[in-house]
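Chain by chain, the residues:
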Amino acid sequence: MTTATIAPGEPDVLDPAPAPAAAGVRKVRRASHPLRRVSFWVAAAFIALVAVAALWPSLLAPQDPLAIDLGKSFDAPSAQHVFGTDQSGRDVYSRVVHGAGQSVLIGVGATALGLAGAVLLGVLGGLGGRAVDAVVTRVIEVLYAFPGILLALILIAVFGSSAGTQILAVGIATIPGYARMVRGQVLAVRGAPYVQAERALGHSSAHVLFRTLLPNAFRPLTVLVTLGIGQAIVWASALGFLGMGVQPPAPEWGAMLNAGRNYLQQAWWLDFWPGVVIVLLALSLTAVGRAVQTLTQPGGPR
Amino acid sequence: MTTASQPTSATSVVQGPAPVVDVRNLSVAFGDRTVVQDVSFTLEAGRCVAIVGESGSGKSVTARSLLGLNGTTATTTASALSLGGQDLRDLSDGAWRKVRGKQVGYVLQDALVSLDPLRKVGASVADALREHGVGPRSIREQQVLSLLSRVGVPSPALRARQLPSELSGGLRQRALIAAAIALDPAVLIADEPTTALDTTVQAQILALLDELRAGGTGLVLISHDLGVVEQLADDVVVMQHGVVVEQGPVGAVLGDPQHPYTKRLLAAIPSAHAPGARLSDAPRATLAPRPASRPVPVAGSLVLSVSHVTKRYRGPDRVTRTVVDDVSFELRAGETLGIVGESGSGKSTTAAIALALTPPSSGTVTFEGRPWSDLSERARRGDRPRIATVSQDPLSSFDPRRTVGDLIRSALTGARAARKSSDDGRSDSGRVEDLLTGVGLDVGIARRHPSTLSGGQRQRVAIARALATDPDVLVLDEAVSALDVSVQAQVLDLLADIRQEYGTAALFISHDLGVIHHVSDRVLVLRDGRVVEEGPADQVFRSPRDPYTQGLLDAVPGVSIHRNPQEEP
């Protein structure tokens, strides 16, 4: 939007008259401040709603998600059942709300597991020296190459299908992506002039590591985590859909999608509502993640 | 409104042929912000007009107006804006493309970013020819070769097939000039054409531009370097904050400046003064006294001794390169030792070795007679705060998460931890304020992020942080190289004040001979990692013994700028 894109000369155009005292505050407005965007607040509100559903579902949906009422099977959305009922007459709204706990637990748990493994591998590779780094890089490559579904199948064969298995499967599958990033960041920050400067000032190695190197290396992760939780929930739902997660009739979004798939022609609402919630949650987490990214840039949002 | 003290704009005398460039009352605004206001100048064939000013003065925008490159958000108005008689106002995009390259050539500052890194140099040079329908391809290729040899690129056939990254900075700049003159434009605009180059290379490029000018090309030179301007330009336009403050023949303007800004710019040039003289009108720094518990070493005592230090690196191509080769020097308390050399001479590696951030391949460094480079990091830590450093790019030496206050506090806690001493009753927040005030910054800056500060302010923060540890030695690696000349003058004055107040010894590393001469007691000249000359600054600069040093000094442009012999250091 400025000539700077055309001619990479001096940044003359940005600051025509620098006041002697407060010079240098050159703000070029590229986008509005993230906290002033409606989309951010809509997304944040939706995430808050899902969080409430996960922690205290009966607050939003007092009905029992497992209560069967065969006389009311396949009722279309109505005032009494806003999302309709399923093949056994269970209230879909209650099931979606009560399913949030499972999905969020799996999303957050898997991301936490993935991060923990990634930080371990990445820091080891980035700081451990050439030999250790070579091993870590190979491990990351093997994890990358290993098909996630196959991994999930093996884990289910060993541990049976449960939320724990889902966390394990999705968590391990996300390790290599994060680990590669952490390793690269640690290597980059380790060689950064400001880390050398800290050392030259007389700070101890531990201080430099924990107060400067790691916080800076992990900084881009805060954004990735927000994005990653949404991704993990989608993956967990996919596993649920394939029948590799929590077993019906327990409410879980992926499992609900799977159960509703057979009745899609007569009762669209069985799949529609859990699907919409998954998509909206992933979108919201992405939107908030982007806002966090902008806000945590050095020097604040620009 | 202009504050031009020599209003030559509307009444400029046109002698002989019509001017190739005629700019009258040019104003450029981005949105509601006027960046250039009422600029007027003319240029005849075979002459050179220089537009000088500091960052933000609008000099580049003025030049780009002649190319129509100010972008769609720019509003340009002028009562005349013509090139070779053609009116440039209200040209369509297509018409502009016919002007660019053919009527006017454009040479940018950094050829590495101005040349497409993925295309061969020859292809970039041929662009203008192809755009303007010179063909067929074989003819273009021949022309490229003759252009490259015309601008003095040796073995042009080989160079045309190489990528920009395989060429040196000087060769890249030549290739860029070749591209700009491919269609023999009447006017060549050179925007800071030598700023990124070493002194000797700069001299070659200036000679080339002068040759083109003598051949009848009108040259518009954009520069912040008055030495370059004096050497090349016939007329000069001095800009500040988007307006022309002074213009006229180069001898008159630089020899007898009328406007205070021009005077200040001239006064800020270190080589225009006796070494050690004050360069800016900034008040003396009010530095807090050092604690009595931490006295500076007695002046003249040996502080840092580097003996026979060599550093070799094995590159990715498995070739071992010697970056620093048998370098020895001593730094005594209170003294400033200047290390000068061109890029690749091993200056910065020498600094890193002196700071014990890089271990030497062989040779030793001692600090106050005790081992320094041979120690373990743990053993060295206690003395680390005594050697502080300021680098060329302060922003990259600041933890990006921290505010200015945090950065300085971190230096204080680091020094305390390293010395294993509780500080002598001075509170950290008080010290932060003292340090910021001492380097001439507002206390409120402590809460800001360095990324929101100007280059000069950042460099002051870096100096404040370096002083936080009460160091005995400052290692200043190109510490003023990225600054505008007037800001550079203020920072140099600040460093002089620090030296006077504390008696801190300094290792001052720079490629700028004027700056080195100004600050140094003794000078070390490095070339390809070797010391080629060493001695008292005045002796090295007045009567250099080594031919390389002589060449370096000869290459400095505009040394004739009035040196005031009466000035006392």
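Conventions adopted
Residues numbered from 1 in each chain as written. Chains lettered and ligands numbered in written order. Predicted model: local features only at pLDDT ≥ 70, side-chain atom pairs only at ≥ 80, totals over all residues. Helix = DSSP H or I, 4+ residues; strand = E, 2+ residues; numbered from the N terminus. Buried ≥ 20, exposed ≤ 12 C-beta atoms within 10 Å, placed from the backbone. Contact = placed C-beta atoms within 7 Å. Pairing = 2+ DSSP bridges. Axes fitted to C-alpha atoms, helices over the stretch in contact; angles between N-to-C directions. Parallel < 35°, antiparallel > 145°, perpendicular 65-115°, else oblique. Left-handed = near helix turned anticlockwise from the far one by under 90°. Nonpolar A, V, L, I, M, F, W, Y, C, P; charged D, E, K, R; others polar. pLDDT = per-residue confidence, 0-100. Domains from an automatic or database assignment. Arc of directions from axis to C-beta. Expected span 1.5 Å × (residues − 1).

Peer 1: It is not clear to me how the overall build of chain A should be interpreted in this structure. Could you clarify?
Peer 2: Along the backbone of chain A there are 10 helices and zero strands. The helix and strand sequence of chain A, counted from the amino end, reads α-α-α-α-α-α-α-α-α-α. Taken across its 302 residues, chain A has 44% of its residues classed as buried. Taking as baseline every contact in chain A between residues at least 6 positions apart, the subset at least 24 positions apart corresponds to 65%.

Peer 1: Just to check I follow, could you spell out the sheet that holds strand E12 (residues 302-314) of chain B for this structure?
Peer 2: Hydrogen bonds along the backbone pair up the strands of a sheet, which may run parallel or antiparallel. Residue and element names in this part refer to chain B. Here we have four strands laid out as an open sheet, ordered E13-E12-E15-E16, and antiparallel in their pairing. Only two strands of the sheet have a single neighbouring strand rather than two, namely strand E13 (320-332) and strand E16 (370-371). The pairing of strand E15 (residues 362-367) with E16 spans two bridges and is antiparallel. By the bridge assignment, Phe 367 is partnered in E16 with Arg 370.

Peer 1: Before we go on, may I ask you to explain the packing of helix H14 (residues 404-419) of chain B against helix H16 (residues 455-468) of chain B in this structure?
Peer 2: A packed helix pair is summarised by two numbers, namely the angle formed by the two axes and the spacing between the axes. All names here are of chain B. As a packed pair, H14 and H16 sit with axes 8 Å apart at the nearest point and diverge in direction by 20 degrees. By the angle class used here, H14 and H16 are roughly parallel. Remark: the crossing between H14 and H16 carries right-handed chirality. When H14 is examined against H16, the residues Val 404, Leu 407, Ile 408, Ala 411, Leu 412 and Ala 415 are found in contact with a partner set consisting of Val 461, Ala 464, Arg 465 and Ala 468. Here the residues of the contact of H14 with H16 sort into nine nonpolar, no polar and one charged.

Peer 1: Hey, could you run me through the pairing of strand E2 (residues 33-43) of chain B in this one?
Peer 2: Residue and element names in this part refer to chain B. By the criterion of burial, E2 is predominantly enclosed, with eight of the 11 residues buried. Bridge analysis of strand E1 (residues 21-30) against E2 gives seven bridges, and the strand direction is antiparallel. When the sheet's bridge partners are listed, Val 21 is paired in E2 with Leu 43.

Peer 1: Any chance you could explain the environment of Gly382(B) here in plain terms?
Peer 2: Residues and elements named next belong to chain B. Checked against the element boundaries, Gly 382 lands in the loop between helix H13 (377-380) and strand E17 (387-390). For Gly 382, a count of 15 C-beta atoms within 10 Å gives the class partly exposed. Separated by 293 residues in sequence, Gly 382 and Arg 89 have C-alpha atoms that sit 67 Å apart.

Peer 1: Just to check I follow, could you spell out the confidence of the model for chain B for this structure?
Peer 2: Low pLDDT means the predicted atomic positions in that stretch should not be read closely. Residue and element names in this part refer to chain B. Confidence in the prediction of chain B, expressed as mean pLDDT, is 85, and 93% of residues score 70 or more. Confidence over residues 1-14 falls short of pLDDT 50; this stretch has 28 contacts with residues more than four positions distant or in other chains. Scored by ipTM, the complex comes to 0.71, with pTM at 0.76.

Peer 1: What is the right way to read the sheet that holds strand E18 (residues 473-477) of chain B from this model?
Peer 2: Residues and elements named next belong to chain B. One open sheet accounts for six strands, arranged E17-E18-E19-E14-E20-E21; its pairing is mixed. At either end of the open sheet lies a strand with only one pairing partner, and these are E17 and strand E21 (530-536). Between one strand and the next, the sheet's axes are offset by a mean angle of 15 degrees, whatever the strand orientation. Pairing of strand E14 (residues 336-340) with strand E20 (residues 522-527) involves four bridges; the strand directions are parallel. Bridging across to E20, Val 340 finds its partner in Val 525.

Peer 1: Can you walk me through the domain arrangement of chain B in this structure?
Peer 2: Put simply, an interface is often sized by how much accessible area is lost when its parts join up. All names here are of chain B. As far as domains go, chain B holds domain 1 (16-103 + 188-267), domain 2 (111-184) and domain 3 (302-555). The C-alpha centroid of domain 3 is placed 36 Å from the C-alpha centroid of domain 1. Contacts between the two partners involve 10 residues from domain 1, matched on the other side by 10 residues from domain 3. When residues of the side of domain 1 that touches domain 3 are traced back to their parent elements, those giving at least two are helix H8 (199-214) and helix H11 (260-267). In terms of residues, the side of domain 1 that touches domain 3 owes the most to one element, H8, which gives four residues. In terms of residue class, the side of domain 1 that touches domain 3 is made up of two nonpolar, five polar and three charged.

Peer 1: What is the right way to read the environment of Lys420(B) from this model?
Peer 2: Residue and element names in this part refer to chain B. Note on placement: Lys 420 falls in the loop between H14 and helix H15 (428-438). Look at Lys 420 and you get exposed, because 8 C-beta atoms sit within 10 Å. Put simply, Lys 420 and Ala 274 are 146 residues apart on the chain and 43 Å apart in space, counted from C-alpha to C-alpha.

Peer 1: What am I meant to see in the environment of His511(B) here?
Peer 2: Residue and element names in this part refer to chain B. Note that His 511 resides in the loop between strand E19 (505-510) and helix H18 (513-519). Residue His 511 is classed as partly exposed on the basis of its 19 C-beta neighbours within 10 Å. Residues His 511 and Leu 436 lie 75 residues apart in sequence; the distance between their C-alpha atoms is 28 Å. For His 511, the residues in contact, after removing those within four places along its chain, are Asp 198, Thr 199, Val 340, Gly 341, Glu 342, Ser 343 and Ser 481.

Peer 1: What am I meant to see in H15(B) here?
Peer 2: Structurally, the α-helix is built with 3.6 residues per turn, so residues lying three or four positions apart point the same way. Residues and elements named next belong to chain B. Residues Val 432, Leu 435, Leu 436 and Gly 438 constitute the buried set of H15. Take H15 and look down its axis: the buried residues cluster within an arc of 160 degrees, on one side only. Where the residues of H15 are buried, they touch H14 and H16.

Peer 1: I would appreciate a short explanation of the packing of helix H4 (residues 130-145) of chain A against helix H6 (residues 163-190) of chain A in the present structure.
Peer 2: Residues and elements named next belong to chain A. Packing of H4 against H6 brings their axes to within 8 Å, and their N-to-C directions diverge by 150 degrees. Here H4 lies roughly antiparallel to H6, going by the angle between them. Between H4 and H6 lies a crossing of left-handed hand. Residues Val 136, Ile 140, Leu 143 and Tyr 144 of H4 form the contact with H6, whose participating residues are Ile 175, Pro 176, Ala 179, Arg 180 and Arg 183. Among the residues forming the contact of H4 with H6, the class breakdown is seven nonpolar, no polar and two charged.

Peer 1: What's the story with H14(B) in this structure? I'm lost.
Peer 2: Taking 1.5 Å as the rise per residue, H14(B) with 16 residues should run 22 Å; its terminal C-alpha atoms sit 23 Å apart, in good agreement. Among the residues making up H14(B), those that are buried are Val404(B), Gly405(B), Leu407(B), Ile408(B), Ser410(B), Ala411(B), Leu412(B), Gly414(B), Ala415(B) and Ala418(B). On its buried face, H14(B) is in contact with helix H7 (193-201) of chain A together with H15 and H16 of chain B. In the stretch just after H14(B), Lys420(B) is the one whose phi turns positive, near 55 degrees.

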